[in-house]
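# Working through the structure, step by step
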There are 2 protein chains.
Amino acid sequence: MRRQSKVVKIGNMAIGGQNLIRVQSMTKTDTRDVEATISQILSLEEKGCEIVRVAVPDEEAAIAIPHIKRNIHIPLVADIHFDPRLAVLAIDNGADKIRLNPSNIKDLAWVREISLRAKDKGIPIRVGANLGSFRERPANVVEALVQSVLKEIEILEGVNFEDIVVSIKASDVMTTIKANEIIAKKVNFPIHLGITEAGLLETSLVKNSAGIGYLLMNGIGDTIRFSITDKPEKEVKAGFDLLRSLHLRDYGLEIISCPMCGRAEIGVQSIAKQLERRFSNVKVPLKVAVMGCAVNGPGEAMDADIGIAGGKRSGVIFRNGKIIKTENEIKLYRTFVKELKNLIEERQKPS
Amino acid sequence: MRRQSKVVKIGNMAIGGQNLIRVQSMTKTDTRDVEATISQILSLEEKGCEIVRVAVPDEEAAIAIPHIKRNIHIPLVADIHFDPRLAVLAIDNGADKIRLNPSNIKDLAWVREISLRAKDKGIPIRVGANLGSFRERPANVVEALVQSVLKEIEILEGVNFEDIVVSIKASDVMTTIKANEIIAKKVNFPIHLGITEAGLLETSLVKNSAGIGYLLMNGIGDTIRFSITDKPEKEVKAGFDLLRSLHLRDYGLEIISCPMCGRAEIGVQSIAKQLERRFSNVKVPLKVAVMGCAVNGPGEAMDADIGIAGGKRSGVIFRNGKIIKTENEIKLYRTFVKELKNLIEERQKPS
């Protein structure tokens, strides 16, 4: 059962409650470089990104926000570290949400000012904690993370601001899970999930999927971000891969392919890669299988809407586990792509 | 709490019970090509692989087993599909475990013969189910997978064979989870986990980590294999990445690195990649951080044993969140590698 949080709006997108779990990413460009930032966000949108965060380390970055926003189509979150002036500037310049920890702002008058402006514009604030919140490593990290977030919430509630999203991230998966399980019971704000500093592509996919996946399966989490030391597009792809795996979203092509063993008769990996690249912008949900051998392939992949399996010098094309065509190896791939395109068109037709 | 299964031995390695959760892989070579298969297994061993499976589609492959075994150092599992003669031949040729579904063997006399020889040599049999076990898509896939495995077990128990490992794999994560949760309660044999036909690298890392991760966190699973349409070494790396994330194994370098935002001052991704490659064979557990900015980096990565963080034209090296050295950007990486090597040596010393 999904945890029922209150609903918060980021631009025209509602998160929390019964709303879809949304996939976020963060730009890796210098926000002051408006061109580069727009181009990266548009590329993220193409992969399905639904909310994007940008770093706002100085005034120039804050002032870039309206120029960026004019050219993109998804809500933009401004990431502010310490300077309350930048928060105000980001709000005035049209940020759809602010990422900020009020405890970093010494003067409560500033917190009040920020919250008034955010309220006026209907902009939520995400508060959060990670190990960077502490000067010394706390004896009980989980408890310290939870307390730290509760303190941030208390400050905002103290100035009558309740349009809040919370996040607790650690680079340690188990710490992240435990802290989120606790905070999920203590507050009713939407929760943003992620494993922070998760590392290079492969390691971070493992850590984020295990941690975010476990929490989602336990009903916790309203938006997610895979933090990856790599291109941000990969964060978005992984987000949808995870949500699709957990039956929480239905989106785009899912390629089912065998790990290739001594029995494989066709180039499973290269065919799967070609298909993934060629159809990466398809948004209609479809399961496509690429299997090494015609004997086991169609059966093992009977869950797939359409599939291809290798044989000696020829292969088969199947739908829902049933072979619909046998083709020699020269024409196999081409025939399959044609069949797949037809199927995609069929599915894209409004019913 | 970990589920307590009976203990089964594969070669000299015990699995199940309180034993470490072991990381498996499967070769993607033609098993009849002895040279190529040995070379792939040795490469898998270098990454830490603890059990390896090879396809045995014909006699020549079965006869290759002793030649392969002479040159490797981990238990070898023979994957047999339908032919009971190949099972007998694999056992006679020294396989440490057989992967076989007795229901595929029509003549019970053969099953009896196989079980007698396996018992004689102390070799376990892994039985399993996936969608390939069915001719038609069952109405209730989870229930059908469970029943299918129970039937395999019943056949073996019918000939007094109980040295069994079970697996239920689907390419669908939720199906795999549900079926394993049920079988875990019904039998007390060790369970091998995996998501089958999980796809290309990125998608399969997501699916396997979410599915295997969830089950392990619920105490289910004694050996694991990431099935990936890519190099098998990646399956092993991912296995350890997952077990490490869940605090189930402590193994090798864990690289913590930030996802890089507009604030990053150093080439986080390239430094992290260089370190990962250079120290990929280190077996002593160590957390190494690579962070984009010197302001937040050391604090956010205070969990790391050692770390590097960028600044303007210079950077810092830190240990456990405390800066121990500031260095200009030209010498930064080299100094860090020296410090890291020292730390690894220190940790490798027998205490």
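Residues numbered from 1 in each chain as written. Chains lettered and ligands numbered in written order. Predicted model: local features only at pLDDT ≥ 70, side-chain atom pairs only at ≥ 80, totals over all residues. Heavy atoms only, no water.

## Some details on the overall build of chain A
- For chain A, the helix and strand inventory stands at eleven helices and 15 strands.
- Seen along its three principal axes, the alpha-carbon backbone of chain A occupies a region of about 75 × 45 × 35 Å.
- The proportion of buried residues among the 351 residues of chain A is 63%.
- Partitioning the contacts of chain A with sequence separation of at least 6, the portion at a separation of at least 24 is 63%.
- Carbon and sulfur atoms form 48% of the exposed surface of chain A, whose accessible area is close to 13700 Å².
- Mean positive and mean negative side-chain charge positions of chain A (51 and 44 charges, respectively) differ by 5 Å. (Helix = DSSP H or I, 4+ residues; strand = E, 2+ residues; numbered from the N terminus. Buried < 20%, exposed > 50% of the residue type's maximum accessible area, 1.4 Å probe, protein only. Contact = heavy atoms within 4.5 Å. Areas by Shrake-Rupley, 256 points an atom, 1.4 Å probe, with all protein chains shown as cover. Lys, Arg positive; Asp, Glu negative; His and termini not counted. Charge placed at Lys NZ, Arg CZ, Asp CG, Glu CD.)

## Structural notes on the interface of chain B and chain A
- Counting from both sides, the interface comprises 76 residues of chain B and, opposite them, 76 residues of chain A.
- Note on chain B versus chain A: buried area summed over both sides is about 6500 Å², and carbon and sulfur give 57% of it.
- Seen at the junction of chain B and chain A, the total is eight salt bridges.
- As a salt-bridge pair, Lys234(A) and Glu202(B) come within 2.8 Å of each other at their nearest N and O atoms.
- Where chain B touches chain A, the interface holds 26 residue pairs in polar contact (both at pLDDT 80 or more).
- For the side of chain B that touches chain A, the elements supplying multiple residues, two or more each, are α6 (173–186), α7 (201–217), α8 (232–245), β11 (253–257), α9 (268–278), β12 (286–291) and α10 (297–300) of chain B.
- For the side of chain B that touches chain A, the class distribution of residues is 33 nonpolar, 19 polar and 24 charged. (Buried area = accessible area lost by both parts, 1.4 Å probe. Salt bridge = Lys/Arg side-chain N within 4 Å of Asp/Glu carboxyl O. Polar contact = N/O pair within 3.5 Å; in protein donor to acceptor, adjacent residues only side chain to side chain. Nonpolar A, V, L, I, M, F, W, Y, C, P; charged D, E, K, R; others polar.)

## Looking at the sheet that holds strand β8 (residues 164–168) of chain B
All names here are of chain B.
- Spatial ordering of the open sheet is given by β8-β7-β6-β5-β4-β3-β10-β9, a layout of eight strands whose pairing is parallel. Both edges of this open sheet fall to β8 and β9 (192–193), since each of them pairs with a single strand only.
- Where β9 meets strand β10 (residues 223–224), two bridges bridge the pair, whose relative direction is parallel. Its bridge partner being in β10, His192 is matched across the sheet by Thr223.
- The strands touched by α8 within the sheet are β3 (22–26) and β10, with β3 carrying the most contacts at an inclination of about 160 degrees. (Pairing = 2+ DSSP bridges. Axes fitted to C-alpha atoms, helices over the stretch in contact; angles between N-to-C directions.)

## Focus on the sheet that holds strand β13 (residues 306–310) of chain B
Residues and elements named next belong to chain B.
- Strand order across the open sheet formed by five strands is β11-β12-β13-β14-β15, with mixed pairing between neighbours. Single-partner strands in this sheet number two, and they are β11 and β15 (322–328). Across this sheet, the average inter-strand angle for adjacent strands is 20 degrees, counted without regard to direction.
- Where β11 and β12 come together, five bridges link them in parallel fashion. Counted as the bridge partner of Ile256 is Ala289 from β12.
- Its contacts with the sheet place α9 against β11 and β12, and it is angled at close to 155 degrees to β12.

## Here's the deal with the relation of the copies chain B and chain A
- Its rotation angle being 180 degrees, the transformation that places chain B on chain A also includes 0.0 Å of axial translation and leaves an RMSD of 0.0 Å. With respect to symmetry, the two chain copies, as superposed, fit the operation of a two-fold axis. Residues of chain B ranked by C-alpha distance from the rotation axis are headed by Ala210(B), positioned 2.3 Å from it.
- In this assembly, 100% of the residues forming the interface of chain B have copies in chain A that are likewise at the interface, indicating an isologous arrangement. (Least-squares fit on C-alpha atoms with pLDDT ≥ 70 in both.)

## Concerning the packing of aromatic side chains
- Under the defined criterion, the tally for this structure stands at three aromatic pairs over all chains.
- Considering the side-chain rings of Tyr214(A) and Tyr214(B), the 5.6 Å spacing of their centres and the 40 degrees angle between planes classify their relative orientation as tilted. Linking Tyr214(A) in helix α7 (residues 201–217) with Tyr214(B) in helix α7, this pair reaches from one chain into another.
- Under the relative-accessibility criterion, Tyr214(B) is labelled buried at 13%.
- Between Phe240(B) and Tyr251(B) the ring centres are 4.2 Å apart and the planes differ by 20 degrees, which places this aromatic pair in the stacked class. Taken together, the residues span a long stretch of sequence, with Phe240(B) in helix α8 and Tyr251(B) in the loop between α8 and β11 at a distance of eleven residues. Like Phe240(B), the residue Tyr251(B) is buried in the burial classification. (Phe/Tyr/Trp six-rings, centres within 6.5 Å; stacked < 30°, edge-to-face > 60°.)

## A look at the pairing of strand β4 (residues 51–55) of chain B
Residue and element names in this part refer to chain B.
- A large share of β4 lies buried, amounting to five of its five residues.
- In β4, alternate side chains face the same way, and those of Ile51, Arg53 and Ala55 on one face and Val52 and Val54 on the other are all buried.
- Examined bridge by bridge, β3 and β4 share three bridges and lie parallel to one another. The residue of β4 that forms the bridge with Met26 is Arg53.
- Once you follow β3 into helix α1 (residues 34–46) and on to β4, the crossover reads as right-handed.
- The sheet contact formed by β4 and strand β5 (residues 76–79) spans four bridges and is parallel. The residue of β5 that forms the bridge with Val54 is Ala78. (Right-handed = clockwise from strand over helix to strand, strands pointing away.)

## Description of the pattern of salt bridges
Residue and element names in this part refer to chain B.
- Overall, the coordinates contain 46 salt bridges over all chains when judged by the stated rule.
- Residues Glu50 and Arg249 are paired through a salt bridge, measuring 2.8 Å at the closest nitrogen-oxygen approach. Here Glu50, found in the loop between α1 and β4, pairs with Arg249, found in the loop between α8 and β11; they are 199 residues apart in sequence, far enough to count as distant. Taken individually, Glu50 and Arg249 each receive the classification buried, so the pair is uniform in this respect.
- Note that Lys69 is salt-bridged to Asp96, the shortest N-O span being 3.0 Å. Placement of Lys69 in helix α2 (residues 59–69) and of Asp96 in the loop between α3 (84–92) and β6 (97–99) is noted, with a sequence separation of 27 residues between them.
- Residue Lys69 is classed as partly exposed on the basis of its relative accessible area of 27%.

Don't take any of this as a statement about function, it's just geometry.
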